[in-house]
Amino acid sequence: QVQLVESGGGLVQAGGSLRLSCVASGSIFTITAMGWYRQAPEKQRELVAGITRGGRTNYTDSVKGRFTISRDNAKNAVYLQMNSLKAEDTAVYYCKVGENRPGGFEYNYWGQGTQVTVSS
């Protein structure tokens, strides 16, 4: 079983920055893809950014050029650097981690969520 602990959310003014962290712990085999999702009130959860084990990244269009996802495989951690924040970035942010286990089974785990609020 894998546990995820997120940190780094908070309240920031428009134009400011925040850095989210998510660390996986527990009985871990191989962490594969990692990503950040967000869910605003009355909206569906959406992918913000993803990163493969090899470091290939993808971003939703609205955050390109402002957000940067990175990971530290040795620490089983994924980060999201958020710059030039806008009011529309306000949401609960969740990390998602994939794990490959012996036999080829793939499991996905979610963090507890961290609130990001951007005041305009």
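Residues numbered from 1 in each chain as written. Predicted model: local features only at pLDDT ≥ 70, side-chain atom pairs only at ≥ 80, totals over all residues. Heavy atoms only, no water.

Chemist: So what's going on with the environment of Arg-56? Residues and values would help.
Modeler: Note that Arg-56 resides in the loop between strand 5 (46-51) and strand 6 (57-59). When its relative accessible area of 61% is taken as the criterion, Arg-56 is described as exposed. In sequence terms Arg-56 and Ser-70 are 14 residues apart; their C-alpha atoms lie 9.5 Å from each other. Every residue in contact with Arg-56, bar those within four places of it in the chain, is listed here: Gly-50 and Ile-51. (Helix = DSSP H or I, 4+ residues; strand = E, 2+ residues; numbered from the N terminus. Buried < 20%, exposed > 50% of the residue type's maximum accessible area, 1.4 Å probe, protein only. Contact = heavy atoms within 4.5 Å.)

Chemist: Hey, could you go over the pairing of strand 1 (residues 2-7) for me, with residue numbers and the actual values?
Modeler: Of the two faces of strand 1, the one holding Val-2, Leu-4 and Glu-6 is buried and the one holding Gln-3, Val-5 and Ser-7 is not buried anywhere. Where strand 1 meets strand 3 (residues 18-26), 6 bridges bridge the pair, whose relative direction is antiparallel. Bridging from a neighbouring strand, Val-5 pairs with Val-23 of strand 3. (Pairing = 2+ DSSP bridges.)

Chemist: Any chance you could break down the nonpolar core for me, citing the residues and the numbers?
Modeler: One broad trend across soluble globular proteins is that nonpolar side chains are buried collectively. Membership of the largest hydrophobic core comes to 28 residues, with the highest contact counts inside it found for Trp-36, Leu-80, Met-82 and Tyr-93. When residues of this core are traced back to their parent elements, those giving at least two are strand 1, strand 3, strand 4 (30-39), strand 5, strand 7 (67-72), strand 8 (77-82), strand 9 (91-101) and strand 11 (114-119). With residues near it in sequence (within four places) discarded, Tyr-93 still touches Glu-6, Leu-20, Trp-36, Tyr-37, Arg-38, Val-48, Phe-67, Leu-80, Met-82, Gly-113, Thr-114 and Val-116. (Core = buried A, V, L, I, M, F, W, Y, C linked by side-chain atoms within 4.5 Å.)

Chemist: Summarise the pattern of salt bridges; cite the residues concerned and give the values.
Modeler: For the coordinates displayed, the defined rule picks out 5 salt bridges. Salt-bridge contacts for Asp-61 lead to Lys-64; the nearest nitrogen and oxygen are separated by 2.9 Å. A relative accessible area of 48% places Lys-64 in the partly exposed class. Among the ionic contacts, a cluster of salt bridges with common partners joins Arg-38, Glu-46, Arg-66 and Asp-89. (Salt bridge = Lys/Arg side-chain N within 4 Å of Asp/Glu carboxyl O.)

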